[in-house]
There are 2 protein chains.
Amino acid sequence: MVRTIDELARLSGVSRATVSRVINGGSVSDKTRRRVEHIVAETGYRPNLAARTLASGRSGVVGVVMHVDPHLLFRDAYFGQLLQGMSDELVDLAAGMMLWLGNRTKEQTLDKVLSSGLVDGVIVTAHYRDDPLVDGLLASDLPTVLVGHRRHDRTASYVDVDHVHAADSVTSHLIQIGRTRIAHITGMRGTVAAEDRIVGYRRAMARAGLPCDDLMIDGDFNAPSGATGAAVLLDRHCDAIFCANDSTAMGALETIRARGLAVPGDVALAGFDDLDFAARLDPPLTTVRQGVRDQGAEAARTLFQLMADRDGTPRRVILPTELVIRQSTVGGVLRP
Amino acid sequence: MVRTIDELARLSGVSRATVSRVINGGSVSDKTRRRVEHIVAETGYRPNLAARTLASGRSGVVGVVMHVDPHLLFRDAYFGQLLQGMSDELVDLAAGMMLWLGNRTKEQTLDKVLSSGLVDGVIVTAHYRDDPLVDGLLASDLPTVLVGHRRHDRTASYVDVDHVHAADSVTSHLIQIGRTRIAHITGMRGTVAAEDRIVGYRRAMARAGLPCDDLMIDGDFNAPSGATGAAVLLDRHCDAIFCANDSTAMGALETIRARGLAVPGDVALAGFDDLDFAARLDPPLTTVRQGVRDQGAEAARTLFQLMADRDGTPRRVILPTELVIRQSTVGGVLRP
DNA sequence: GGTACTTTTGGAAGCGCTTCCATTCTTGGA
DNA sequence: TCCAAGAATGGAAGCGCTTCCAAAAGTACC
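Note that the structure is a prediction, hence the values are computed from the model and not measured.

Novice: Please clarify how the overall build of chain A should be interpreted in this entry.
Specialist: Looking only at helices and strands, chain A has 12 helices and 12 strands in total. Scaling as 2.2 N^0.38, a compact globule of 336 residues should have a C-alpha radius of gyration of about 20 Å, whereas chain A reaches 25 Å, well beyond that. Along the three orthogonal principal directions, the C-alpha set of chain A runs to about 85 × 40 × 30 Å. Taking all 336 residues of chain A together, the buried fraction comes to 58%. Sequence-distant contacts, at least 24 apart, represent 68% of the contacts inside chain A between residues at least 6 apart. With an accessible surface of roughly 13600 Å², chain A has 51% of that area assigned to carbon and sulfur atoms. Between the mean site of the 38 positive side-chain charges and the mean site of the 41 negative ones, chain A shows a separation of 5 Å.

Given below as structure tokens:
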């Protein structure tokens, strides 16, 4: 079994340096290149990644950091889809992907990521307004791309959607179908997505001259918070609920049904994300589609651009969202 | 900034070898150890993982391979939960976790995993009866733990549940509540989980003397296959459907509802997995709970045992499952 | 054929660490 | 007090690769 570049060099009758050039695309004569490549193919030689990393200072591996509360992570398919989008893109660009989930404090996670020294760049989910992990990565010299962003990240590269606009459009839709007591179950407070969706909701309500102060309940992006939130809001006689995501809406739906109320007859319901199950609820859920896999893929592409020209300007990508109207707000209409 | 072990050695007035011993727990006098550790803490020195890997032959990184059809992966929370379970356990044991999803052919994935040379062991999901990727990993000298297993993996280490038994128990439950035309929408054919659940289903039906040949429809673990499968089965006048997983059941429920049939009145419905959403369907779904996160965690532990004593005997873990009875089979009863 | 390039190649240093081996320092028992 | 055995330490080799630099080979033009 040919294990080292030296053996390969001996076998092909050239120097180790030349073999290295063949493998890494250096300048080598066609004749030599063909000969060496033939031997490589024949022997199934694979360069040792650790040695390569040590010698060159880059590993071809990118890090993915999803430091998220276990109660939020992987409860629905959101983070999985994000991961898959990244992986789809990275398969051609990178040697691999190191994944860190949030099992400890953010400081410890940061420590692990930075100390490993074997990633060339990182993609990190930046959901919280206040996040030492994100701050630490941005402050390091590791190329970093955020999924999500904070308004004060002036020099950061990120991929995100316009939560304010999207929330405004859902709320406006609810207004347009004639609802006036439109409630909102928020996402986890302190996250940008939650806060921005609140802003969008308030904006649309204010524009229509509708009050909303007693119609907001804090949730946490999970179904149980939707169920308990809806209980309170129904007592306050709302006629529509815009939930911060689809899982929350699923929880709300449970409560609404338990009260014997009709959707959308008594209460219209809307979510956010458009995960697979949204279309399969009864009734199918009106929601905002944000291409989660696309966001992951875009983050990966952005990271590689960043790594290609270091200290270039930050790259910021805002992906489009789409309001998907289904029977939970416009009942009786055939599914689109 | 102290970057190398040599600087650290100079600073603490000992040799590089001694510093290395301090860091790796070699035999060093208490006095020296304290002094060096103090300097380490003070300077925030972190050993370079690539150099360490190259010199020692181990990286502390483990690989996780989930080569699964994109239509299956991350559609529901199953794989995410698995990942989270592994991560929970690995955080203390490993320097990191490399993740490979199935973006290319299995051969290419195998190639990437083996060639990287920077994982000390791998956990791989082994769902298919026929899987060159799993075969390749088992044949390599990399310690490997399977999540799931094939009956012919005599020397492999794995973590799995008893699908046959679990499926038998669900089916028996349906029989016990008086159903006689009990249908089954299978999982993706060729996967062990699907085939074994079929065996369990048939076994229970045979024991009760019930026919089942015209009551099986192939599905693929996804909701759409549940919806189309149920359409066929309802035409064949079934009075219960056991679906190969919860997502499939969700799809089936959609069809049942569209026909104006009652669950469980007209058709009892059961799933498998007990993901979060199962309890939130209307009606809540009877299903088999398999602790997916536990499986992930157990796989990680098993891998480390395997790495600790190489060429030991294979380790095989069968985790328990639990039949969770909800209103989709026993309507009217208060939710547990 | 000779000069002045350009392209291709090999030698050698070095990336930061672990670990073997030999040397020095301790310790305890005779 | 002295010696042997054991513990602690330092020196040095080497893990497998990239890359700088200089030397060799090829090419174009006069």
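Novice: Looking at this structure, how should I read the relation of the copies chain B and chain A?
Specialist: For the pair of chain copies, the relating operation is a rotation around an axis with a shift along it. Relative to chain A, chain B is turned by 180 degrees and slid 0.0 Å along the rotation axis, the superposed coordinates differing by an RMSD of 0.1 Å. Taken together, these values place the two copies in the relation of a two-fold axis. Across chain B, the smallest distance between a C-alpha and the rotation axis is recorded for M98 of chain B, namely 2.1 Å. Of the interface residues in chain B, 100% have counterparts in chain A that sit at the interface too, so the contact is made through matching surfaces.

Novice: I would appreciate a short explanation of the pattern of salt bridges in the present structure.
Specialist: Side-chain pairing between opposite charges can occur once the charged atoms of the two side chains come close. All names here are of chain A. Considering all chains together, one arrives at 46 salt bridges over all chains under this definition. Residue R129 is joined to E195 by a salt bridge in which the shortest nitrogen-to-oxygen separation is 3.9 Å. With R129 in the loop between β3 (121-125) and α7 (132-139) and E195 in helix α9 (residues 192-207), this residue pair connects regions lying 66 residues apart in the sequence. When salt bridges with common partners are traced through the structure, they connect R129, R189, E195 and D218 into a single cluster.

Novice: What is the right way to read the sheet that holds strand β7 (residues 216-219) of chain B from this model?
Specialist: Sheet strands pair by backbone hydrogen bonding; their relative direction is either parallel or antiparallel. Residues and elements named next belong to chain B. What the four strands build is an open sheet, ordered β7-β6-β8-β9; its pairing is parallel. For this open sheet the edge positions go to β7 and β9 (268-270), each flanked by a neighbour on one side alone. Each strand axis lies, on average, 15 degrees off the axis of its neighbour in the sheet, ignoring direction. Taken together, the three bridges between strand β8 (residues 240-243) and β9 define a ladder with parallel strand orientation. Bridge pairing in β9 places I241 opposite L269. The sheet strands contacting helix α9 (residues 192-207) are β6 (182-188), β7 and β8, and the helix crosses β6 at an angle near 165 degrees.

Novice: Please clarify how the protein's contact with DNA strand C should be interpreted in this entry.
Specialist: Neighbouring DNA strand C are 27 residues, the closest being R21 and T32 of chain A together with I5, R16 and Y45 of chain B. Atoms of DNA strand C within 4 Å of the protein belong to the sugar or the phosphate in 57% of instances, the rest to bases. One of the side-chain N or O atoms of N24 of chain B is found 2.7 Å from a phosphate oxygen in DNA strand C. The side chain of R58 of chain B places a nitrogen or oxygen atom 2.6 Å from a phosphate oxygen of DNA strand C. Of all the secondary structure elements, the ones that give two or more residues to the surface near DNA strand C are α2 (16-24) and α4 (49-56) of chain A together with α2 (16-24) and α4 (49-56) of chain B. Ranked by residues supplied to the surface near DNA strand C, first place goes to α2 of chain B with five residues. Class assignment of the residues belonging to the surface near DNA strand C gives a composition of 11 nonpolar, 10 polar and six charged.

What counts, and where the lines are drawn
Residue numbering note: each chain is counted from 1, following its sequence as written. Lettering of chains starts at A and numbering of ligands starts at 1, both following the order in which they are written. Restriction of local features to residues with pLDDT of at least 70 applies here, the model being predicted, together with a cutoff of 80 or more for giving and counting side-chain atom pairs; totals for whole chains, interfaces and linings are based on all residues. Hydrogens are left out, water is left out, and the side-chain values use all remaining heavy atoms of the structure. A run of H or I in DSSP becomes a helix once it reaches four residues, and a run of E becomes a strand once it reaches two; helices and strands are each numbered from the N terminus. For this measure, only C-alpha atoms enter the radius of gyration; the expected value for a globule follows 2.2 Å times N^0.38, where N is the number of residues. Accessible area is worked out with a 1.4 Å probe on protein chains only. A residue is then buried under 20% of its type maximum, exposed over 50%, and partly exposed in between. Any two residues having at least one pair of non-hydrogen atoms within 4.5 Å are treated as being in contact. Accessible areas in this description were obtained via Shrake-Rupley with a 1.4 Å probe; residue shielding takes into account the shown protein chains only. For this count, His and the chain ends are skipped, Lys and Arg are scored as positive, and Asp and Glu as negative. The atom standing in for a charge is NZ when the residue is Lys, CZ when it is Arg, CG when it is Asp and CD when it is Glu. Least-squares superposition of the copies uses the C-alpha atoms of those residues scoring a pLDDT of at least 70 in each of them. Think of a salt bridge as a Lys or Arg side-chain nitrogen and an Asp or Glu carboxyl oxygen that are within 4 Å of each other. Criterion used throughout: strands pair if DSSP finds at least two bridges between them. Note on method: axes are straight lines fitted to C-alpha atoms, helices fitted across the in-contact stretch only, with angles between N-to-C directions ranging 0 to 180 degrees. Nearness of a residue to a molecule or strand requires only that one of the residue's heavy atoms be within 4 Å of it. For the purposes of these results, a polar contact is taken to be a pair of N or O atoms within 3.5 Å, where, inside protein, one atom must be able to donate a hydrogen and its partner to accept one; residues adjacent in sequence count only when each atom of the pair is a side-chain atom. As a working rule, the residues Ala, Val, Leu, Ile, Met, Phe, Trp, Tyr, Cys and Pro are called nonpolar, Asp, Glu, Lys and Arg charged, and the rest polar, with Gly in that last group.

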